[in-house]
Amino acid sequence: MEKVRLGIIGIGNMGTTHSKSLTEGLVPEMELTAVADRKESRRVWCKENLPESVTIFEEGKDLIASGKCDAVLIAVPHYQHPELAIDAFDHDLHVLCEKPAGVYTKQVRLMNERAQASDKVFAMMFNQRTNCVYRKMHELVTSGELGAIKRVNWIITDWYRTQSYYDSGDWRATWDGEGGGVLLNQCPHNLDLLQWICGMPSRVHAFCHNGKWHDIEVEDDVTAYLEYPNGATGVFITTTADAPGTNRFEVTLEGGKVVCEDNKLTLHKLAVNEREFCKTAKGGFDKPECTVSEVETDGLNEQHVGVMKAFAGNILHGTSLIAKGEEGINGLTLSNAMHLSSWLGHAIELPLDEYLFLEELNKHRASSKKKEVTGDVVFETKGTY
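Calculation criteria
- The written sequence of each chain sets the order in which its residues are numbered from 1.
- Under the rules for a predicted model, residues below a pLDDT of 70 receive no local features and side-chain atom pairs below 80 are neither given nor counted, while totals for whole chains, interfaces and linings still include all residues.
- Working from all heavy atoms in the structure, the side-chain values ignore hydrogens and water.
- Only protein chains enter the area calculation, which uses a 1.4 Å probe; residues under 20% of their type maximum are buried, those over 50% are exposed, and those in between are partly exposed.
- The numbering of helices and of strands both runs from the N terminus, where a helix is a DSSP run of H or I of at least 4 residues and a strand a run of E of at least 2.
- Pairing between two strands is assigned when DSSP locates at least 2 bridges connecting them.
- Here an axis means a line fitted to C-alpha atoms, over the contact stretch when the element is a helix, while the angle between two N-to-C directions is reported on a 0 to 180 degree scale.
- Only heavy atoms matter for contacts: two residues are in contact if any of them lie within 4.5 Å across the pair.
- Criterion for a salt bridge: a side-chain nitrogen of Lys or Arg within 4 Å of a carboxyl oxygen of Asp or Glu.
- Within this scheme, the nonpolar core is defined by two criteria: the residues are buried Ala, Val, Leu, Ile, Met, Phe, Trp, Tyr or Cys, and they are joined through side-chain atoms within 4.5 Å.

**Student:** For helix H9 (residues 188–198), give the residues involved together with the corresponding values.
**Tutor:** With respect to burial, H9 is a largely interior element, eleven of its eleven residues being buried. What H9 keeps buried is the set Pro-188, His-189, Asn-190, Leu-191, Asp-192, Leu-193, Leu-194, Gln-195, Trp-196, Ile-197 and Cys-198. Gly-199 occupies a position one or two residues after H9 and carries a positive phi of about 85°.

Written out as structure tokens, the structure reads:
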């Protein structure tokens, strides 16, 4: 196999972007051979804008069974991710799944089991892991050179979205169609990075405000408190309604702190471990010496193209993935815990009760309102991630 033949299921906002990347030759070891979308207008777009060699399907399951592909990229509404991935594994296809892995961990756990039972490559589209700043932050925090984590703070409020964004699809911002709001749509990247860099918390207490700033039924404003196994604490704040918004990710450790903001990483490094200094310093107001410097990175940030390159490379040469598919359950566990905590009004211990979460989710789905959307709206996503 010289190139991976890829089929994209879902030609909406992200699927359209991925199809353009492939047809423009940005992923040399991958060729777009098939696409699928249930909307006739999107199939017409494919016919008018994609090469004649690309076969167009209405249903993802027909694309999967067609024999036209070695792998699929799943970019449809969230509930369908595990279902289509499992079908692809059953047809001996490799799978690259858009975020989130699914809506609830019970369905994603089944997807992971089927992936592990196959001999196929399974990857998640966690494109923010390609960002040089987050990669360096991961290296600094997980290396141990700064000691144990004491505090985590991430205020990520630059996911601004207008009402027209939410009105663009009948599945968007509904419990039955999307399964959640900012936590399920915008924040899977942040929640993945949070656990990738800092590890999984053991306890979550969250406050999710549904339709606080938009005419939607799901959450658009969230504040969550996290507790970690070693006693560290954290706060995660997000919304789609703040303009201009903030993106500041700060991790305080025993040996200093790292701050990610404005696309740069700043290291505040203590001369001595704070725990040691606290116990041995003679002055009540003494502070350990600290040096501040901007951390150099390799400057590389390939985003979605980088994930697809790595996916093709793993299939063809066995090189490393950006994010293994099975890791998608971690960030989803955090969003499930935040939702469940807010619904029940108390903290949730991890691992969470998957059956209880699904029971509560289904209550929200039962009262979900069907939206009427006229026309076909596909937004340009460049620069929004």
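And the narrative resumes.
**Student:** How would you summarise the sheet that holds strand E6 (residues 122–124) if you had to cite specific residues and measurements?
**Tutor:** Taking strand neighbours across the sheet as the criterion, the six strands line up as E3-E2-E1-E4-E5-E6 in an open arrangement whose pairing is parallel. Edge positions in the sheet fall to strand E3 (55–57) and E6, since each of these pairs with one other strand and no more. Between one strand axis and the next, the sheet turns by 25° as a mean value, whatever way the strands run. Bridge count between strand E1 (residues 4–9) and strand E2 (residues 30–36): six bridges; the pairing is parallel. Among the inter-strand pairings, Ile-8 is bridged to a residue of E2, identified as Val-35. Relative to the sheet, helix H1 (residues 13–23) contacts E1, E2 and strand E4 (71–74), its axis offset from that of E1 by approximately 155°.

**Student:** Can you explain the pattern of salt bridges? Please cite residues and give values.
**Tutor:** A side chain of one charge can pair with a side chain of the opposite charge when the charged atoms of the two come close. Inspection of every chain in the model, using the stated rule, returns 22 salt bridges. A salt bridge links Lys-136 to Glu-139, with the nearest nitrogen and oxygen atoms 3.2 Å apart. Here the residue Lys-136 and the residue Glu-139 both occupy positions in helix H6 (residues 132–142), the gap between them amounting to three residues, near one helical turn. Connected through salt bridges with shared partners, the residues Arg-248, Glu-250, Lys-257 and Glu-261 form a single ionic network.

**Student:** Can you break down the packing of H6 against H9 residue by residue, with the values?
**Tutor:** Viewed as axis vectors pointing N to C, H6 and H9 meet at an angle of 30°, and their least axial separation amounts to 8 Å. Contacts from Tyr-134, Arg-135, Met-137, His-138, Val-141 and Thr-142 of H6 reach H9 at Leu-193, Trp-196 and Ile-197.

**Student:** Provide a residue-level description of the nonpolar core, including the pertinent values.
**Tutor:** Counting residues in hydrophobic clusters, the biggest one holds 86 residues, and the most contacted among them are Leu-194, Phe-236, Phe-249, Val-251, Val-258 and Met-338. With sequence-adjacent residues up to four places away left out, Phe-236 is seen in contact with Trp-154, Ile-156, Leu-183, Cys-187, Asn-190, Leu-191, Leu-194, Val-222, Thr-223, Ala-224 and Met-338. One finds Ile-8, Met-125, Val-307 and Leu-316 within the second-largest nonpolar core, a separate group that totals 27 residues.

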